[in-house]
Amino acid sequence: MELHVTRWKRYGHDRLYANLPDGTTVGWVDVMTEEVTVLRAECRDDVIGVLTKHLQDLTGPVSPDRAPETQARPMLPPLTPADDLAVNPPGQSLRDLLAESGPGLMERVVSWLLRRPSEWDSWRKGLAGERRVGAELNRLGRHGWRILHSVPLANKVDIDHLLIGPGGVFSINTKHHHKRAVWVGDDSVKVDHGKPAPYARKSRAEAKRVARVLERYCDFPVPVEPVLVFVGVTELKVVATQLDVRVYQERQVSALGPLSGVLTADQVEQVYGVARHRQAWSLA
């Protein structure tokens, strides 16, 4: 069996990981204790053999930028119902915003009579978009994925959706542009040939923010990919050549379902346990 071995050092851990050619981790060994953990029983002999050999051949220090951290990994308090984000429906943050600051009946009537657009219209469209994308994502639960909606960050912003599963973690940003044509380039997005919008840049920044939070509490690397999902558009044209953000229409997010080989089942549950805890995001 062909196995690739990589070394990883972080949060005081020093490990050698054994991975299949597709990137699936099948075991690891702790360099300091020499304790081997096998994740797939059918690979046991190969995992032990290749890790033992690499452990014996291991010489020389790791470069300073990969040195183990001296500070212990922080721990989250026990999860309480008040801190459990798993109960959030799609668009929860926008629903709360409309309930707290939305227009009263008279304001809605006046805006409708005058055909006057308002910020509340944008909130309602955003809520509808998040609900539609959330419904599509929830269907992936049967394939081993975990889904969170409206994950609150500091400064009164939130992540529309987090998808966590065997294919990694995806930070999903929903944009509702009803009956509009959307053009996506490497660094900008245009709606109906309008001014460039920084959707892609903000999505990349959001994904990095998510990764920092998750890796603060997990003892293994957590890759996070940014995703832009456009709802209700008449046309979606992606002309980017170097874009590192996945771009879909709402019905296409099911393409994420078959992805695998990034996180093991145990790692998925560990990441999900951190991500669903409100306090993990309190300083994000």
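Residues numbered from 1 in each chain as written. Predicted model: local features only at pLDDT ≥ 70, side-chain atom pairs only at ≥ 80, totals over all residues. Heavy atoms only, no water.

Some words on the confidence of the model for the protein chain
Model confidence for the protein chain is summarised by a mean pLDDT of 83, while 84% of its residues fall at 70 or above. Ignoring residues within four places in sequence, the model shows residues 59-70, a span with pLDDT below 50, making eleven contacts including any to other chains. (pLDDT = per-residue confidence, 0-100. Contact = heavy atoms within 4.5 Å.)

Focus: the packing of aromatic side chains
Within the structure shown, the criterion is met by three aromatic pairs. Look at Tyr-199 and Phe-230: their rings are 6.2 Å apart centre to centre, the planes differ by 45 degrees, and that puts the pair in the tilted class. Of this pair, Tyr-199 sits in helix α5 (residues 199-217) while Phe-230 is found in strand β10 (residues 224-231), placing the two residues 31 residues apart along the sequence. Between the NZ or CZ atom of Lys-190 and the centre of the ring of Trp-183, over which it lies, the distance is 5.5 Å. (Phe/Tyr/Trp six-rings, centres within 6.5 Å; stacked < 30°, edge-to-face > 60°. Helix = DSSP H or I, 4+ residues; strand = E, 2+ residues; numbered from the N terminus. Lys NZ or Arg CZ within 6 Å of the ring centre and 35° of its normal.)

Quick look at the pattern of salt bridges
Counted according to the given criterion, the structure contains ten salt bridges. Put simply, Glu-136 and Arg-139 hold a salt bridge, and the shortest N to O gap is 3.0 Å. Using a relative accessible area of 11% as the deciding quantity, one classes Glu-136 as buried. What makes Arg-139 partly exposed here is its relative accessible area of 40%. Among the salt bridges present, the one from Arg-146 reaches Glu-269, with a minimum N-O distance of 2.7 Å. In this pair, Arg-146 sits in strand β5 (residues 146-152) while Glu-269 sits in helix α6 (residues 265-275), placing the two residues 123 residues apart along the sequence. Classification of Glu-269 by relative accessible area gives partly exposed; the value is 37%. A network of salt bridges, in which partner residues are shared, links Glu-136, Arg-139 and Arg-251. (Salt bridge = Lys/Arg side-chain N within 4 Å of Asp/Glu carboxyl O. Buried < 20%, exposed > 50% of the residue type's maximum accessible area, 1.4 Å probe, protein only.)

Some points on the layout of surface pockets
Of the volumes computed, that of the second largest pocket is approximately 250 Å³. Forming the walls of the second largest pocket are 15 residues, and the residues nearest its centre are Thr-24, Arg-40, Leu-263, Thr-264 and Ala-265. Among the elements that line the lining of the second largest pocket, the one with the most residues is α6, at four residues. (1 Å grid on protein atoms, 1.4 Å probe; cavity = no way out; pocket = protein on both sides within 12 Å on 5 of 7 lines; lining within 4 Å. Points joined across faces, edges and corners; volume = space filled by probe spheres on them.)

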